[in-house]
Amino acid sequence: MNIKNFIAITVTLLCFSNASANTKSTLAVGWELWYPYQYHNNQHELVGLDIEIFNKIVKKAGYNIAYTELPWKRHLQYIKMGKMDIAMGASLSKDRTEYAYFTKPYRKEQVKLYVRKGTRQSIVLNSLADLSKSNYMIGVEGGYYYGKLYKKLILQAEFRAHISEVIDLEENVKLTLKGHLDGFLVDPVTMRAFVDKYKLFNEFEEHSVEIYQDEIYLMLSKSTMNEHDLARFNDAIESLQESGELSEINQQWTSLQASKR
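Residues numbered from 1 in each chain as written. Predicted model: local features only at pLDDT ≥ 70, side-chain atom pairs only at ≥ 80, totals over all residues. Heavy atoms only, no water.

**Q** If you had to explain the packing of aromatic side chains to someone new, which residues and values would you point to?
**A** A complete count under the given rule lists 13 aromatic pairs for this structure. Aromatic side chains Phe54 and Tyr67 sit 6.3 Å apart centroid to centroid with 65° between the ring planes, which places their arrangement in the edge-to-face category. Taken as a pair, Phe54 in helix 2 (residues 49-61) and Tyr67 in strand 4 (residues 65-69) lie far apart in primary sequence, 13 residues in all. Centre to centre, the rings of Phe194 and Tyr198 are 4.6 Å apart; their planes meet at 40°, and the pair counts as tilted. Assessed through its relative accessible area of 10%, Phe194 is described here as buried. Put simply, the rings of Trp34, Tyr37 and Tyr144 touch in pairs and so form one group of aromatic residues. One cation-aromatic arrangement involves Lys197 over Tyr35; the distance from NZ or CZ to the ring centre is 5.1 Å. The residue whose ring lies beneath Lys222 is Tyr101, and the NZ or CZ to ring-centre distance is 5.4 Å. (Phe/Tyr/Trp six-rings, centres within 6.5 Å; stacked < 30°, edge-to-face > 60°. Helix = DSSP H or I, 4+ residues; strand = E, 2+ residues; numbered from the N terminus. Buried < 20%, exposed > 50% of the residue type's maximum accessible area, 1.4 Å probe, protein only. Lys NZ or Arg CZ within 6 Å of the ring centre and 35° of its normal.)

Written out as structure tokens, the structure is:
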């Protein structure tokens, strides 16, 4: 073997080694209070739909993790900066792919417009775009993804004038009950859990206007993770999907919340 071939092979092996091994002993994973996906139960254990699924995936992929509670906006920034390794419950968007890998989807998510009980018929919206020419005010949570159409519309001042951004669902609920908002955007599983937790039965109803429905993913920071890590997570997700374990967890949590209505 001549010296040129030897050097080429050595460089290739070194590159492969660096790309295939994540030297971090424990991966940093963020979470925030998002009932019933991520929260502390009465025993102060971190539980929820996303937590249960993620723990299964991590165990299958063979990683150690450490959870840190932090707001979603900051979490995304930390993923970008490499201060956090993984984010759960993420929607896929082009700008996020610039700084993060996205795994295969592990569940589905949809977003609906919720309004005060008895007002659905009087709030005339055939599409989200109709909000621009209406007198309605709709609440959203900062940092969350509400679909491609919303992302496009929010760039328009006329549409943005009808959007109120707050930090959490609880504030949107309070503002709507007080009459300051006509409704708010949230996924049905979260809404059902919130209604049960705060005993707000018969206070809200789902509007018929379509908002958003898509797949949900794990985000891996490109600053601290590599394609080998991505492959391991994808293999774990695929295996758990084929065995029916992810579907079973999803069904258990969805059925639990639906039964409490």
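**Q** With reference to specific residues and values, describe the pattern of salt bridges.
**A** By the definition in use, this model includes 9 salt bridges. Residue Lys174 pairs with Glu170 through a salt bridge whose shortest N-O separation is 3.6 Å. Highlighted residues: Lys174 and Glu170, both in helix 6 (residues 169-177), separated by 4 residues, approximately one helical turn. With a relative accessible area of 46%, Lys174 lands in the partly exposed category. On the basis of relative accessibility, which here comes to 30%, the residue Glu170 falls in the partly exposed class. (Salt bridge = Lys/Arg side-chain N within 4 Å of Asp/Glu carboxyl O.)

**Q** An account of the nonpolar core is needed here, citing residue identities and associated values.
**A** Ile57, Tyr106, Leu218 and Phe233 are the most contacted members of the largest nonpolar core, which totals 34 residues. Going through the elements one at a time, strand 1 (27-31), helix 2, strand 5 (86-90), helix 7 (188-197), strand 12 (212-221), helix 8 (227-243) and helix 9 (245-258) are the ones with two or more residues in this core. Here this core gets 7 residues from one element, more than from any other, and that element is helix 2. The residues touching Leu218, leaving out its near neighbours within four places in the chain, are Phe54, Ile57, Ala87, Met88, Tyr101, Phe102, Thr103, Tyr106, Phe233 and Ile237. With 20 residues, the next largest nonpolar core counts Leu125, Ile138, Tyr146 and Ile211 among its residues. (Core = buried A, V, L, I, M, F, W, Y, C linked by side-chain atoms within 4.5 Å. Contact = heavy atoms within 4.5 Å.)

**Q** Could you give an account of the side chain of Asn250, with specific residues and numbers?
**A** One can find Asn250 in helix 9. The exposure class assigned to Asn250 is buried, which follows from its relative accessible area of 18%. Excluding residues within four positions of it along the chain, Asn250 makes contact with Leu49, Ile53, Tyr106 and Arg107.

**Q** Kindly report on helix 8, identifying the contributing residues and their values.
**A** Given a rise of 1.5 Å per residue, 17 residues ought to cover 24 Å, and the 24 Å separating the end C-alpha atoms of helix 8 matches this to within 8%. Buried within helix 8 are the following residues: Asp229, Leu230, Phe233, Asn234, Ala236, Ile237 and Leu240. Down the axis of helix 8, the sector holding all buried residues measures 160°, keeping them to one side. Facing away from the buried surface of helix 8 by more than 90 degrees, the exposed residues are Glu227, Asp235 and Glu242. (Expected span 1.5 Å × (residues − 1). Arc of directions from axis to C-beta.)

**Q** Got a sec to walk through the packing of helix 2 against helix 8? Specific residues and values, please.
**A** Packing of helix 2 against helix 8 brings their axes to within 8 Å, and their N-to-C directions diverge by 115°. Crossing geometry of helix 2 relative to helix 8 is assigned as right-handed. Facing helix 2, whose interface residues are Phe54, Lys56, Ile57, Val58, Lys60 and Ala61, helix 8 presents Arg232, Phe233, Ala236, Ile237, Ser239 and Leu240. Tallied by class, the residues present in the contact of helix 2 with helix 8 amount to 8 nonpolar, 1 polar and 3 charged. (Axes fitted to C-alpha atoms, helices over the stretch in contact; angles between N-to-C directions. Left-handed = near helix turned anticlockwise from the far one by under 90°. Nonpolar A, V, L, I, M, F, W, Y, C, P; charged D, E, K, R; others polar.)

**Q** If you had to explain empty space enclosed by the protein to someone new, which residues and values would you point to?
**A** For the structure on display, the rule yields 1 cavity of 30 Å³ or more. Volume-wise, the largest cavity comes out at about 50 Å³. Surrounding the largest cavity, Leu113, Leu125, Ser127, Leu128, Leu131, Ile138, Leu185, Val209 and Ile211 form its lining. Of the residues contributing to the lining of the largest cavity, the split by class is 8 nonpolar, 1 polar and no charged. (1 Å grid on protein atoms, 1.4 Å probe; cavity = no way out; pocket = protein on both sides within 12 Å on 5 of 7 lines; lining within 4 Å. Points joined across faces, edges and corners; volume = space filled by probe spheres on them.)

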